[in-house]
Amino acid sequence: MLTLYSWTTPNGRKISIALEEMGLDYTAVPIDITKGAQHDPAFLAVNPNHKIPALVDETGAAINESGAILLYLAEKSGKFAPAHGTPDYWEMMRWLMWQMSGFGPMLGQAHHFLHYNPGLSDYSEKRYNDEAKRLYGILNAHLTGRDYILDDLSICEFAIWPWAARFDYHKVDLNDFPAVKDWYLRLADRPGFQRGYAQPLDVGPIPRPE
Ligand SMILES: N[C@@H](CCC(=O)N[C@@H](CS)C(=O)NCC(=O)O)C(=O)O
């Protein structure tokens, strides 16, 4: 049994989507970061970094950092990752690191300035919206003519898709990135993505671009 500590955010949904698609048994424990639950001593015993997601396996593993959790789950399930050390494995790692260092932190900054604190800094709004669009351009070029980031569905989708689901927060029109839009909507129709999106709480349907 696995215990996922999470909230209704992109980094949390990465893991619940992965767990659903992998068919692994888990319990989702809500950590309401809007009320400061990430600072509770009981949660800090699981993740001293004060952030969701965190995963505890009954085998004794306790992991934080969503990229590390995805790699752990791919290894545990034997699914959604190419064989270790192959060129495809490193292609997967390249996209996972791209998400963890760019298409996550930069979009998070865009959310801070464009969605949660609009009007505070024109400079910052432009800087992070421009960077969000640059990153979508990279993803769009890669996905043009392909169904998935790798040859098949992989943990790269679990890492990247939940951030694209916040397109409204970073003020990106998916119609400007047609290959990303097709990929996004195809994944949004998967029952595993829908179940994972609704964890640890169901806050409404997956957003769809007009
Ligand atoms: N690099 C971390 C980032 C985790 C993260 O930023 N989590 C956010 C929610 S998406 C959080 O817990 N924020 C609460 C806070 O910063 O106090 C990961 O990928 O797991």
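Student: Is there a simple way to think about the packing of helix α5 (residues 105-116) against helix α6 (residues 122-143) in this case?
Tutor: For any two helices packed against each other, the geometry comes down to the angle between their axes and how far apart the axes lie. Axis separation between α5 and α6 bottoms out at 8 Å; the angle between their running directions is 145 degrees. The two elements α5 and α6 cross, and the hand of that crossing is left-handed. Listed contacts from α6 to Met106, Leu107, Gln109, Ala110, Phe113 and Leu114 of α5 are Ser124, Glu125, Tyr128, Asn129, Glu131, Ala132 and Leu135. Each residue belonging to the contact of α5 with α6 can be placed in one class, and the counts come to eight nonpolar, three polar and two charged.

Student: Explain the pairing of strand β3 (residues 54-57) to me, please; I cannot follow it from the model alone.
Tutor: Regular strands place side chains that alternate from one sheet face to the opposite one. Bridge count for strand β1 (residues 2-6) against β3 is four bridges, and the pairing is antiparallel. Across the sheet, the residue bridging to Tyr5 is Ala54, located in β3. Bridging between β3 and strand β4 (residues 62-64) involves three bridges; their strand directions are antiparallel. Counterpart to Val56 in the pairing with β4 is Ala62. Here β3 hands over to β4 after four residues, with Gly60 in that stretch at a positive phi of 115 degrees.

Student: What am I meant to see in the site of the ligand here?
Tutor: As a structural note, the neighbourhood of the ligand is formed by Thr9, Pro10, Asn11, Ile33, Gln38, His50, Lys51, Ile52, Pro53, Glu65 and Ser66. Classifying every residue of the shell around the ligand by side-chain character gives four nonpolar, five polar and two charged.

Student: Whenever I open this one, the sheet that holds strand β2 (residues 26-30) confuses me. Can you help?
Tutor: Sheets are built from strands paired through backbone hydrogen bonds, the pairs being either parallel or antiparallel. In spatial order, the strands read β2-β1-β3-β4; together these four strands make up an open sheet with mixed pairing. Strand pairing shows two members of the sheet lacking a second neighbour, β2 and β4, which therefore form its edges. Here the strands of the sheet are splayed against their neighbours by 20 degrees on average, with no regard to which way each runs. For β1 and β2, the ladder comprises five bridges, and the chain directions are parallel. Bridge pairing in β2 links Leu2 to Tyr26. The strands touched by helix α1 (residues 10-22) within the sheet are β1, β2 and β3, with β1 carrying the most contacts at an inclination of about 150 degrees.

Student: I'm lost on the nonpolar core in this one. Help?
Tutor: A general trend in soluble globular proteins is that nonpolar side chains are found buried together. Core analysis: the largest hydrophobic core is formed by 55 residues, its most contacted members being Leu70, Ile155 and Val180. Residue contributions to this core peak at eight residues, all from helix α7 (residues 155-164). Not counting residues up to four positions away in its chain, the partners in contact with Leu70 are Lys14, Ala18, Leu96, Ile155, Phe158 and Ala159.

Student: Please explain the domain arrangement of the protein as it appears in this structure.
Tutor: Bring the parts together and some accessible area is lost; that lost area is often taken as the interface size. Domain boundaries in the protein define domain 1 (2-77) and domain 2 (87-190). For domain 1 and domain 2, the distance between their C-alpha centroids amounts to 21 Å. Each side of the interface is counted separately: domain 1 has nine residues, and domain 2 has nine residues. Counting only elements with at least two residues in the side of domain 1 that touches domain 2, the list comes to α1 and α3 (66-77). Take the side of domain 1 that touches domain 2: its biggest share by element is six residues, from α1. For the side of domain 1 that touches domain 2, the class distribution of residues is five nonpolar, one polar and three charged.

Student: What am I meant to see in the confidence of the model for the protein here?
Tutor: As a general rule, the predicted coordinates of low-pLDDT regions are not to be interpreted in detail. Residue-level pLDDT values for the protein average 98, and 100% of them are 70 or greater. Here helix α2 (residues 41-44) is the element of the protein with the lowest mean pLDDT, 96, and α7 is the one with the highest, 99.

Student: Got a minute to help me understand the environment of Phe193 in this structure?
Tutor: Secondary-structure assignment places Phe193 in helix α9 (residues 191-197). Considering only alpha carbons, one finds Phe193 and Pro82, 111 residues apart in sequence, at a separation of 20 Å.

Student: Teacher, can you tell me more about the pairing of β1 here?
Tutor: Counted residue by residue, β1 has four buried out of five residues, so it is predominantly covered. With respect to chirality, the unit in which β1 leads through α1 into the neighbouring parallel β2 is right-handed.

Cut-offs applied
Residues numbered from 1 in each chain as written. Predicted model: local features only at pLDDT ≥ 70, side-chain atom pairs only at ≥ 80, totals over all residues. Axes fitted to C-alpha atoms, helices over the stretch in contact; angles between N-to-C directions. Helix = DSSP H or I, 4+ residues; strand = E, 2+ residues; numbered from the N terminus. Left-handed = near helix turned anticlockwise from the far one by under 90°. Contact = placed C-beta atoms within 7 Å. Nonpolar A, V, L, I, M, F, W, Y, C, P; charged D, E, K, R; others polar. Pairing = 2+ DSSP bridges. Near = placed C-beta within 6 Å. Core = buried A, V, L, I, M, F, W, Y, C linked by C-beta atoms within 7 Å. Buried ≥ 20, exposed ≤ 12 C-beta atoms within 10 Å, placed from the backbone. Domains from an automatic or database assignment. pLDDT = per-residue confidence, 0-100. Right-handed = clockwise from strand over helix to strand, strands pointing away.

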